[in-house]
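Understanding the architecture of this molecule
Residues per chain are reported as follows:
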Amino acid sequence: MTVIQIAICDDAPLELEKIRQLVKAILKEKRTEAQITTWTSLLELQNQIFNGQFDLLLLDIRFEAEKQTSLELAQKCSVIAPELQIIFITGYLQYFPDVYLCQHVYCLLKEDLEKRLPLAMNKALNVLQGRQSGQDSLTVMINRHPRLILYQDILYLEKDRRKIIFNCRMTKAGSQKSDSLESTMQIITYAVFDDYLPKLPQSFVQTHRSYIANLNYVKFVETKGLILFNDAFIPISRSYKKATMNAIMKQFFDIESAE
């Protein structure tokens, strides 16, 4: 299995070391091989991120000396590197609403670190290990020929009569990431949602009889729909609203439905 590359960034050295030790203990318990690097400067770390060096980031949010937060960086990652797993760790509850404007696995308070970090790490590692085992793509039949689509490239699925339209982000030749979700493409096949929905990861939810959305690309949640990072609007119908809201709570807040 490929060694997982992890970066931890916190401008408080004592907090940084505490997080590193907890991560090491979690990895040991899960028998997962990883390389951990630590950073006290967000500016220095971000120069290394977009070359695909890391699989998982654990980020403090507020960086006093650099007078910035890690949220803007995470928003860029949502577009440029959506496969990157991000865990936010903060001492400030005020940042929680803004966290949900960018893709992430988990957000936890430093006071809950020992209780919540194992849950966050488990969620991120499950995604990474599924990717390494080849469980990261869907096979779609196009004119009787199979085509693989990476889950991380699918923004949403749309049904148009007997057609299923996969709206996907484009990647450049040589596996270079597109720097914008303006670069999208459609893959069209003849099928029904039931052919694909059971095979999709939990980050996908059916919001409407004609739409399935990838929650990893959601920027805003509105009463009548979801706004994705490319500004696409995905409607939420009344019959799918409860299931959609439950999926959002599970995806972003790790809260299970009471039912």
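Here's the deal with the sheet that holds strand β2 (residues 34-39)
- Read from one edge of the open sheet, 5 strands run β2-β1-β3-β6-β7, paired in parallel fashion. Each edge of the sheet is formed by a strand with only one pairing partner; in this case those strands are β2 and β7 (106-109). Here the strands of the sheet are splayed against their neighbours by 15 degrees on average, with no regard to which way each runs.
- Alignment of strand β6 (residues 85-90) against β7, held across 4 bridges, turns out to be parallel. Note that in β7 the partner of Ile87 across the bridge is Tyr106.

Some remarks on the pairing of strand β11 (residues 163-169)
- Burial analysis of β11 places 6 of its 7 residues in the buried class, which makes it a mostly covered element.
- Following strand β10 (residues 154-160), the chain reverses through 2 residues before pairing antiparallel with β11; Arg161 in that reversal takes a positive phi of roughly 60 degrees.
- When β11 meets strand β14 (residues 184-190), the two strands line up antiparallel, connected through 7 bridges. Residue pairing in the sheet places Asn167 in a bridge with Gln186 of β14.

Remarks on the pattern of salt bridges
- Taken as a whole and assessed by the stated rule, the structure comprises 6 salt bridges.
- Across the pair Asp60 and Lys110 runs a salt bridge, and its minimum N-O distance is 3.7 Å. With Asp60 in strand β3 (residues 56-60) and Lys110 in the loop between β7 and α5 (113-132), this residue pair connects regions lying 50 residues apart in the sequence. The same class applies to Asp60 and to Lys110, which are both buried.
- With a shortest N-O distance of 2.9 Å, Asp231 and Lys219 are connected by a salt bridge. Of this pair, Asp231 sits in the loop between β18 (225-228) and β19 (233-235) while Lys219 sits in strand β17 (residues 218-221), and the two are 12 residues apart along the sequence.

Focus: the side chain of Gln206
- Along the chain, Gln206 falls in strand β15 (residues 204-208).
- You can call Gln206 buried: its relative accessible area is 14%.
- Side-chain polar atoms of Gln206 contact the side chain of Tyr240, separated by 3.3 Å.
- Ignoring sequence-local partners within four residues, the contact set of Gln206 consists of Phe193, Leu197, Tyr211, Ile212, Tyr240 and Thr244.

As for the side chain of Ser237
- Position of Ser237 relative to the elements: it lies in the loop between β19 and α6 (238-253).
- With relative accessibility at 17%, the residue Ser237 sits in the buried group.
- Beyond its immediate chain neighbours, meaning those up to four positions away, Ser237 contacts Thr207, His208 and Arg209.

Calculation notes
- Residues numbered from 1 in each chain as written.
- Predicted model: local features only at pLDDT ≥ 70, side-chain atom pairs only at ≥ 80, totals over all residues.
- Heavy atoms only, no water.
- Pairing = 2+ DSSP bridges.
- Helix = DSSP H or I, 4+ residues; strand = E, 2+ residues; numbered from the N terminus.
- Axes fitted to C-alpha atoms, helices over the stretch in contact; angles between N-to-C directions.
- Buried < 20%, exposed > 50% of the residue type's maximum accessible area, 1.4 Å probe, protein only.
- Salt bridge = Lys/Arg side-chain N within 4 Å of Asp/Glu carboxyl O.
- Polar contact = N/O pair within 3.5 Å; in protein donor to acceptor, adjacent residues only side chain to side chain.
- Contact = heavy atoms within 4.5 Å.

Distances and angles like these do not, on their own, reveal function.
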